[in-house]
There are 2 protein chains.
Amino acid sequence: MTRFVDKISVFDRRASAMAEAEGIARDGLRMHQGSPAVAITGPPVQGAGGSITLGQLFKRVGDAHNGGGGEEDGDGGGNDSQRHHVLEVDAFEQYHLDSRPPPPFVLTFTDLTYSVKRQQRMSLFRKNRLSSDQPEMEAELGRTKTLLNSISGEAREGEIFAVLGASGSGKSTLIDALANRIARESLQGSITLNGEKLEGRLLKVISAYVMQDDLLYPMLTVEETLMFSAEFRLPRSLSASKKKSRVQALIDQLGLRAAAKTIIGDEIHRGVSGGERRRVSIGTDIIHDPIVLFLDEPTSGLDSTSAFMVVKVLQRIAHSGSIVIMSVHQPSYRILRLLDRLLFLSRGQTVYSGPPDGLHSFFADFGHSIPDGENPTEFALDLIRELEGTPAGATALVQFNNSRQFHPTQSASAKPALSLKDAISVSISRGKLVSGATEGATSSSSSSVQKHANPFWIEMGVLTKRSWTNTKRMPELFAIRLAAVLLTGFILATIFWRLDNSPKGVQERLGFFAIAMSTMFYTCADALPVFLQERNIFMRETAYNAYRRSSYVLSNAIVSFPPLVLLSIAFALTTYFAVGLAGGIQGFIFFILIVLAAFWAGSGFVTFLSGVVTHILLGYTVVVALLAYFLLFSGFFINRNRIHDYWLWFHYMSLVKYPYEAVMQNEFDDPHKCFVRGVQMFDSTPLAALPEAAKVAVLRAMGQSLGVPITASTCITTGTGILQQQSITQLSKWDCFWVTVAWGFLFRFLFYISLLIGSRNKRR
Amino acid sequence: MTRFVDKISVFDRRASAMAEAEGIARDGLRMHQGSPAVAITGPPVQGAGGSITLGQLFKRVGDAHNGGGGEEDGDGGGNDSQRHHVLEVDAFEQYHLDSRPPPPFVLTFTDLTYSVKRQQRMSLFRKNRLSSDQPEMEAELGRTKTLLNSISGEAREGEIFAVLGASGSGKSTLIDALANRIARESLQGSITLNGEKLEGRLLKVISAYVMQDDLLYPMLTVEETLMFSAEFRLPRSLSASKKKSRVQALIDQLGLRAAAKTIIGDEIHRGVSGGERRRVSIGTDIIHDPIVLFLDEPTSGLDSTSAFMVVKVLQRIAHSGSIVIMSVHQPSYRILRLLDRLLFLSRGQTVYSGPPDGLHSFFADFGHSIPDGENPTEFALDLIRELEGTPAGATALVQFNNSRQFHPTQSASAKPALSLKDAISVSISRGKLVSGATEGATSSSSSSVQKHANPFWIEMGVLTKRSWTNTKRMPELFAIRLAAVLLTGFILATIFWRLDNSPKGVQERLGFFAIAMSTMFYTCADALPVFLQERNIFMRETAYNAYRRSSYVLSNAIVSFPPLVLLSIAFALTTYFAVGLAGGIQGFIFFILIVLAAFWAGSGFVTFLSGVVTHILLGYTVVVALLAYFLLFSGFFINRNRIHDYWLWFHYMSLVKYPYEAVMQNEFDDPHKCFVRGVQMFDSTPLAALPEAAKVAVLRAMGQSLGVPITASTCITTGTGILQQQSITQLSKWDCFWVTVAWGFLFRFLFYISLLIGSRNKRR
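If you're wondering where the values come from, they're calculated on a predicted model, not measured in any experiment.

Caption draft 1: Looking closely at the overall build of chain A. Counting its secondary structure elements, chain A contains 31 helices and 12 strands. Taken across its 764 residues, chain A has 59% of its residues classed as buried. Considering only intrachain contacts with a sequence separation of at least 6, the fraction spanning at least 24 residues in chain A is 79%. Within the structure as shown, chain A displays about 29100 Å² of accessible surface, and the carbon and sulfur contribution to it stands at 58%.

Quick look at the structure:
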């Protein structure tokens, strides 16, 4: 009795909890029983596609392609009927059962070489770099480091091609090179698909790259996550029901049926398991059913059972007509049996290339037999590591491997059966490549490849909906911000309780406004972690052009706005009446508006910083320090007319200046309201100690001298006077309001720019 | 040709880089060739100890014990000669070659059961907890969860006892239970060593617990790290050269010879490899050569070769006469061969207990044969996981295991040969248990077990030396703080450049002082991450009473002080003369002192917070918010006499208040210095717009009314007047200085309290 049969007998007795595992195990078996191996080595079957002939297919694919031009104008309705056969959901279901061999794709790479210049570390750190016993140190002290050294290989449809090696061996670099994530000018060697040079844009359309990290919205369910991915990557012309069908088919393919309605989860919110999350992550990247799939260590961080299930899913994807290329650190014995082709790297050099079965004879011939029962990859990696420790390194093994290797392009089996164009057409006809972007696939002109699946406004709608769905399921985040605002509001309200109209009261009002207007900005700083998390998801998604950067920036702004309105009202209600601010209901409404504008500018500022600074603690320190400088230069600590010329520019850049001046004017712009009346004039002078009568006498004397009667109730300083003393004279309160709002927009624009610059995801 | 022989042939051709690996491999072989198995099952040899008879040994161990009482008084010199034979370095070297069996220790645990009450989550989160497909959810919804369910087993000297299971199966809990890290009243069942109940204090002396995380000072070398550990854990009576010998022996035992002079390293500073770091970590815990060693997943996060070397070291430690008990997630095939006894857990229940060799027949009898070539533990863990997915769970396997198991206490081989007291004495005579704390080992009274190896002042010296060594090798940390202080100083100096003695200038001085005195505190906040990192090391080390908490707090304060002096001088130099503050050289010196006091209080405050808040981002947010409130209540924004009574308490708690008032008095305490003179009186009134002559006329009229001549040069407000206006009247500047200093001490005392409360490392 073998292992898998055992498993099934166990599973069959079970309820729904392991239904997903069951699905994987069964399907895996079925796939094995079908003969995908024929597809790899046998001749291609020309008349693939059931009742449809190849000629018909080409015509239809061609029609779809010709009609594709009009697509970009947003009117793709006319093409629907032509595409139905391509996108027929039945096709997904059929090809699983289809035992005929798929048209063979072969990805060949020859002599890939990639070197980087090593940057010298700052001299500050150098003296601490006491040499360790790791021999790689020596290589690093040189000027350039060869990350890939003449690597060749061949990955085929229906197979899993696995790159193995210790960390630092160049696994991820090779995957990056193949996935066109290294700038072509830095990379030597050739990469071809079915003998034709792979053009970057075409590759982006027919392939997917799955990163190591699972960057998903934590509060969306598995189904929602995949549905949103479908809306981004599948063409607008595809009806909603077709997209749903694709998502449902994918959920089954990924073995996620039982978890479909469960949220992804995070540290606080319980969600799906780690293995399920990884499979959702893969699902979001393969929603368009790509022909080539790249994965960087898809099993890292998973326990052996979860890792096995992930690779099982990958095998199923390969069998559905894809090339799967993945890096893997240390596959278990069972995972190893799912891999079709291995490439072992040691410091950028190939030490073994071939099927898993070949490992035993390879190492026996090299003089190091693999002991019975030992995992061959574990043995190989250890031996490589040991050799790397010797002065000669793994050179002996590299040379031994070279001597044994047939050059892949010389072997007869490597010859692809169809040209790239034909192969893609056939593949599409069999249900692959759901994306509408395929119109460019058979074209030679790269410009016709549509960059985004949807127009701007659809993207924005979907992004906004997704972000909003995620946000509203985490009410505690908003609750924390609201609590922070209310607490500060409460403290300010009680300490500045009902300020009077005396000189001291005026001074305290200034302090209250300065602090209150800084609070908005500091409260926004607390949102930095959330922004940073979202930004990572964005980076992942724009890497394959899921949507425009501009739609993301705009939807980000839209979703963040409603909570700000609530926070503004909460803060205004707590403080405005308690402190006793002037201006009545009109003043109150303006106060809400300017608080809202400050929140808007502040959240824009923090959003922008999240685009520039990626390290969270550094970001937080920078935000806090910059806000402190903004407050310092706002005009409260030192008036504009007293700031030295060389610092005036920073005064005008101070975000706090504008809302501060706005609330000041809102409070003091009444020219008839009096803040210093008669004898209050002497409050801050030694004369304050005199009896009231003496002060009145002094006032009278002053009045006589000036020729104006001054009594105890004569107004000495009005609101306007205070504004003048504070040099708040250049902008009206509405000017300040609009400038604050404009800052918010400016920062979001800068955020957009930072994303444009920062999200280049190619190595140089 | 087997694997290991292969290895050696490879190693022998090699240079020093892999010398450590070589050492391990060779030693491992030698150990295998010697027959530790005899020690486990054979009868104990009574006359162990070479030329010394057992009677002599007992006498000498007894002598050492009797002399132990005087030890605590700090005068242990007289015992040196009596101890030499016990601590003879030759003994370490001899017992490696010694082929005679060590006296057998047997740790037996019976029916260990441990349950916890599950806390209900906050209802806020509940609605988001859509059920996942993980069946353990059901168990969690219940009130109590049984983490350990009647676990029995037996670990023997010379063997590695490994606890296996999926995450959440109870591995770590079992290790914690055995290591006395769970409060005894919560734990049911018995734990005995050689048939005698294990008393917590004795266990602490003869055992070591190695945590999963490597918490080491990054800038110390391997040798220094172990040397400091030796100074903490080995008795003061042991000479420095003996301690050095012990460290050197340990370095060889750990296979760290080649890395001995390399620093540990961190993200920025390159240091030893992960596997080496783990071995150093183990080394710091076994410096006293414990009889029982507990390790929580010692191989987690390591690649297979490093993991193998770690377990190889553990085997060597076991063979030197210790019981090694470890948890391990998924041992590779090679590691499995080093393990002597396995205990598989599934949700707190035993599903297999026995030697690795027994796995095949066990699972074959259960009806699930392990396929050839498959790693048996991998197979077992997968099968367990699959069974856990069924409604019945792993019950069938648990029952099957129970039916096969002999009760360990009933088996003849389990009977320990010597009583605990005798066994420990013999073990000590063979070189184990270097620590001077062993005098309690053979005593029945627990109070005589010495808690710390060194007196307070020695601990402090060593801690200070270690922390200082580590700090001075990271000059960039200080450089960053200095840069922050200089930058803020520069900005303040240029914006408040040469303030004049006008009413505006006075107001600006107030602002400058408020900001300057807050800067000290904010600069300290940036040190929070460093404090948190140190705190983790502290937690690890005090867990086994390496030193007193008080010595740590004091040495922490001492090491942090010198940089603060430099920062204070830097800040004072940048700002004092540029702003044009009053007081001459005396005032300058006071300014430096009060800045230093503020730094001292601030760093104390942040240190205290690092003891209370463990999450770094939360800590940072709390620090920033609290400092903002301190500034708000300092007296700058609202004067003391204007603060409502219900907030006055917080005004007095404001850390910023005291340095702020101190610098204010330093500036304004000259009763003769004039800040508002003659017509400047009208600067903030509508009269400011009048021509100079008219103002003079008004002054004259006022003077006549008051009967005092007032001219344009008459002083209206002196420094003292300003202090009165600001209600800075209660404390003198030196009072403020001393209060600030006292705050620093208070926070360090509170830090000490927080460590006392927080570092209980037992589960309830």
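The discussion continues.
Caption draft 2: Highlighting the sheet that holds strand E2 (residues 144-156) of chain B. Residue and element names in this part refer to chain B. Spatial strand order, E2-E1-E4-E5: four strands in an open sheet with antiparallel pairing. Edge positions in the sheet fall to E2 and strand E5 (196-197), since each has one partner strand and no second. In terms of strand pairing, strand E1 (residues 106-117) meets strand E4 (residues 187-193) through six bridges, oriented antiparallel. Its bridge partner being in E4, Thr108 is matched across the sheet by Thr192. Packed onto the sheet, helix H10 (residues 171-178) meets E1, E2 and E4 and runs at close to 120 degrees relative to E1.

Caption draft 3: Expanded view of the side chain of Glu459(A). Along the chain, the position of Glu459(A) falls in helix H20 (residues 456-472). With near-sequence residues (within four places) excluded, Glu459(A) lies in contact with Phe232(A), His452(A), Asn454(A), Ala546(A), Tyr547(A), Arg548(A) and Ser551(A).

Caption draft 4: Looking closely at the UniProt feature "transmembrane region" (unreviewed entry) in chain A. Those places that UniProt annotates as "transmembrane region" (unreviewed entry) correspond, in this numbering, to residues 478-499, 511-532, 553-579, 585-609, 616-638 and 737-758 of chain A. The distance from the first to the last C-alpha atom of residues 616-638 of chain A is 32 Å, and the span holds 74% helix and 0% strand.

Caption draft 5: A look at the packing of aromatic side chains. All names here are of chain B. Per the stated rule, a full pass over the model turns up 81 aromatic pairs over all chains. Centroid distance Tyr352 to Phe362: 4.8 Å. Interplanar angle 65 degrees. Geometry classified as edge-to-face. In this pair, Tyr352 sits in strand E10 (residues 349-354) while Phe362 sits in helix H17 (residues 358-366), placing the two residues 10 residues apart along the sequence. A single burial state applies to Tyr352 and to Phe362, both of which are buried. Where Phe538 meets Tyr547, the ring centres are 6.4 Å apart and the plane angle is 40 degrees; that geometry is what we call tilted. Of the two residues examined, Phe538 and Tyr547, each falls in the buried class.

Caption draft 6: Seen up close, the pairing of strand E3 (residues 160-164) of chain B. Residue and element names in this part refer to chain B. Along E3, five of the five residues are buried, which leaves the element largely enclosed by surrounding structure. Residues Ile160, Ala162 and Leu164 point to one face of E3 and Phe161 and Val163 to the other, with burial holding for every one of them. In this sheet, strand E8 (residues 323-328) lies alongside E3 in parallel orientation, the contact comprising five bridges. If you follow Phe161 over to E8, its bridge partner there is Ile325. Of the strand pairs in this sheet, E3 and strand E9 (residues 341-346) are connected by four bridges, and their pairing is parallel. Bridging from a neighbouring strand, Ala162 pairs with Leu342 of E9.

Caption draft 7: Fine view of the state of the cysteines. All names here are of chain B. Counting across every chain of the model gives two disulfides over all chains. The disulfide partner of Cys674 is Cys715, and the S-S distance across this bridge is 2.1 Å. A torsion of 105 degrees about the S-S bond marks the disulfide between Cys674 and Cys715 as right-handed. Of this pair, Cys674 sits in strand E11 (residues 674-677) while Cys715 is found in strand E12 (residues 715-718), placing the two residues 41 residues apart along the sequence. Overall, Cys674 belongs to the buried group, its relative accessible area being 8%. Residue classification places Cys715 among the partly exposed residues on the basis of a relative accessible area of 30%. Unpaired in this structure, Cys524 has its nearest cysteine sulfur neighbour in Cys736, at a distance of 19 Å.

Caption draft 8: Seen up close, the environment of Val280(B). Residues and elements named next belong to chain B. Counting through the fold element by element, Val280 comes out in helix H14 (residues 274-285). Classification of Val280 as buried rests on a relative accessible area of 0%. The spacing of Val280 and Asp526 is 246 residues in sequence and 30 Å in space, taken between C-alpha atoms. In this view, Val280 contacts Leu216, Val222, Thr225, Leu226, Leu256 and Ile264; residues no more than four positions away in its chain are not counted.

Caption draft 9: Main features of the confidence of the model for chain A. Residues and elements named next belong to chain A. Residues with a pLDDT of 70 or more make up 78% of chain A, whose mean pLDDT is 78. Taking the mean pLDDT of every element in chain A, the minimum, 36, falls on helix H5 (residues 80-87) and the maximum, 95, on strand E3 (residues 160-164). Note that pLDDT drops below 50 for residues 120-141; the model gives that stretch 41 contacts with residues more than four away or on any other chain. Within the model, pLDDT remains below 50 along residues 408-414, and this stretch shows nine contacts once partners closer than five positions in the same chain are excluded. Interface scoring of the predicted complex returns ipTM 0.74; its pTM is 0.77.

Definitions and cut-offs
- Residues numbered from 1 in each chain as written.
- Chains lettered and ligands numbered in written order.
- Predicted model: local features only at pLDDT ≥ 70, side-chain atom pairs only at ≥ 80, totals over all residues.
- Heavy atoms only, no water.
- Helix = DSSP H or I, 4+ residues; strand = E, 2+ residues; numbered from the N terminus.
- Buried < 20%, exposed > 50% of the residue type's maximum accessible area, 1.4 Å probe, protein only.
- Contact = heavy atoms within 4.5 Å.
- Areas by Shrake-Rupley, 256 points an atom, 1.4 Å probe, with all protein chains shown as cover.
- Pairing = 2+ DSSP bridges.
- Axes fitted to C-alpha atoms, helices over the stretch in contact; angles between N-to-C directions.
- UniProt positions renumbered as here; feature names shortened; annotations may be inferred.
- Phe/Tyr/Trp six-rings, centres within 6.5 Å; stacked < 30°, edge-to-face > 60°.
- Disulfide = S-S within 2.5 Å.
- pLDDT = per-residue confidence, 0-100.

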